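Working through the structure, step by step
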Amino acid sequence: MTIATKETRVSDQDMAAYWDRAGRVWVEQQGLLDRMYQPIARAVVDAADPRAGEAVLDVGCGAGATTFEAAWRVGPEGRAVGVDISPALLELARRRVGEAGLEGVEFLQADAQTHVFRAEFDAIVSRFGVMFFPDPVAAFANLRTAEKPGGRLAFACWRGPEDNAIATVPLAAAAPFLPSLPKFEKDAPGRFGFADPDRVRAILAASGWRDVVIDPLDDPTPVSAEELLTMSLRVGPLNPILTGQDETVREKVREAVTKALEPYVTNGVAEMNSACWRVTAKA
Ligand SMILES: C[S@@+](CC[C@H](N)C(=O)[O-])C[C@H]1O[C@@H](n2cnc3c(N)ncnc32)[C@H](O)[C@@H]1O
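The shown structure was predicted, so the numbers you read here are calculated from the model rather than taken from an experiment.

Further remarks concern the nonpolar core. Of all hydrophobic cores here, the largest spans 93 residues; its most connected members are L57, F140, L143 and F155. Considering every element that reaches this core, the biggest residue donor is helix α2 (residues 30-48), with eight residues. Residues within four places of F140 in sequence aside, it is in contact with V130, F133, L153, F155, F194, I203, L204, S207 and W209.

Here it is in structure tokens:
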């Protein structure tokens, strides 16, 4: 299997610029995103099984939901460290530590692909934070150096767009009103970069991880119809495209997307499954 490298795809700078913008959207929508994806944070941390007093690293931690989930498990004697490249998300994460009154939580602004870690972690976790590396083999080899011998890895990544209607339905509805739309390029770094489990196995094997297990993980957390629209227009790939359009186009897209989402809404409650993989491995 060919694994995309830095040279053939997107650069580290492109990805940092992408997350500088997208990170601000995730800050704006943190409450909704964390409520929708809380079961995924729990499933990932359950799979890593951190015990009291252990040290856990959360990769691409964003606003820290999974870091906090790990911090509760390791307790005040343990450590939960979140690493991310987005300054805006880390600022929010640090603010939330104080609000949650948690001990043993730290946040680090760094590129997880290249940061020089010490081999001090019992477990590495991630909710949707590991599919964006331009050079995934180098990144996972680097992450392995952060683990103590035999350390555990557990992360969640999305399955393909064909299993995630939230990714495809709004784009299809908006297409007639917009000059061009992004295409989901198979295996490219990004939201669906780890959709193919064989590719994930190949990346982990090439970067020295063992005992890899990949299981489907589904999250049908209900949201309101308005929240589903927010996810479609603000959080998804339509957001940067709509920003450049005039008000008439934006309104037409909003109407079309609202209509396309109607089949997923019953009595104001929307159910749209997030179809993911839960991946575990050992260092
Ligand atoms: C989809 S968001 C998930 C955020 C968080 N884990 C959550 O579930 O709310 C992906 C995160 O990965 C971070 N990220 C992307 N590439 C990274 C890298 N090379 N090193 C560290 N963080 C990275 C982004 O800044 C972003 O916060």
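There's plenty left to go through after this.
Applying the stated criterion to the full structure yields 24 salt bridges. In this structure, R79 and E120 form a salt bridge, with 3.1 Å as the shortest nitrogen-oxygen distance. Here E120 lies in the loop between β3 (105-109) and β4 (121-127) and R79 lies in strand β2 (residues 79-84), a separation of 41 residues in the sequence. Put simply, R254 and E226 hold a salt bridge, and the shortest N to O gap is 3.5 Å. In this pair, R254 is assigned in helix α10 (residues 247-261) and E226 in helix α8 (residues 225-235), connecting sequence segments 28 residues apart. Owing to a relative accessible area of 34%, R254 belongs among the partly exposed residues under this scheme. Residues joined by salt bridges that share partners form a network here, namely R79, E106, R118 and E120.

The space that makes up the largest pocket amounts to roughly 750 Å³. Around the largest pocket, the lining is made up of 34 residues, and of these Y18, F184, G190, R191 and P237 lie nearest the centre. Counting residues per element, the ones that place at least two in the lining of the largest pocket are α1 (12-28), α6 (165-174), α8 and α9 (238-243). Per-element accounting of the lining of the largest pocket gives the leading share, eight residues, to α1. Of the residues contributing to the lining of the largest pocket, the split by class is 25 nonpolar, four polar and five charged. By volume, the second largest pocket is sized at about 520 Å³. Around the second largest pocket, the lining is made up of 34 residues, and of these W19, G60, C61, D84 and G129 lie nearest the centre. Of all the secondary-structure elements, those providing two or more residues to the lining of the second largest pocket are α1, α2, β1 (55-59), α3 (65-74), β2 and α4 (87-100). Ranked by residues supplied to the lining of the second largest pocket, first place goes to α1 with five residues. Broken down by class, the residue content of the lining of the second largest pocket amounts to 19 nonpolar, eight polar and seven charged.

This next bit is on the sheet that holds strand β9 (residues 269-270). Pairing is antiparallel across the open sheet formed by three strands, whose spatial order is β7-β9-β8. This sheet does not close on itself; its edge strands, each paired only once, are β7 (223-224) and β8 (265-266). Relative to β9, β8 runs antiparallel, the two sharing two bridges. Bridge assignment links V265 to a residue of β9, and that residue is A270.

The next thing to look at is the site of the ligand. In the neighbourhood of the ligand, 17 residues make up the surrounding shell, with G60, D84, D111, A112 and R127 lying closest. A112 is positioned with one of its backbone polar atoms (N or O) 2.9 Å from a nitrogen atom of the ligand. Burial of the ligand by the protein chains amounts to 98% of its free accessible area of 590 Å². A majority-of-atoms criterion places the ligand in the second largest pocket. Of the residues belonging to the shell around the ligand, the class tally is ten nonpolar, four polar and three charged.

How each quantity is defined
Residues numbered from 1 in each chain as written. Predicted model: local features only at pLDDT ≥ 70, side-chain atom pairs only at ≥ 80, totals over all residues. Heavy atoms only, no water. Core = buried A, V, L, I, M, F, W, Y, C linked by side-chain atoms within 4.5 Å. Buried < 20%, exposed > 50% of the residue type's maximum accessible area, 1.4 Å probe, protein only. Helix = DSSP H or I, 4+ residues; strand = E, 2+ residues; numbered from the N terminus. Contact = heavy atoms within 4.5 Å. Salt bridge = Lys/Arg side-chain N within 4 Å of Asp/Glu carboxyl O. 1 Å grid on protein atoms, 1.4 Å probe; cavity = no way out; pocket = protein on both sides within 12 Å on 5 of 7 lines; lining within 4 Å. Points joined across faces, edges and corners; volume = space filled by probe spheres on them. Nonpolar A, V, L, I, M, F, W, Y, C, P; charged D, E, K, R; others polar. Pairing = 2+ DSSP bridges. Near = heavy atom within 4 Å. Polar contact = N/O pair within 3.5 Å; in protein donor to acceptor, adjacent residues only side chain to side chain. Areas by Shrake-Rupley, 256 points an atom, 1.4 Å probe, with all protein chains shown as cover. Sits in = over half its atoms within 2 Å of the grid points.

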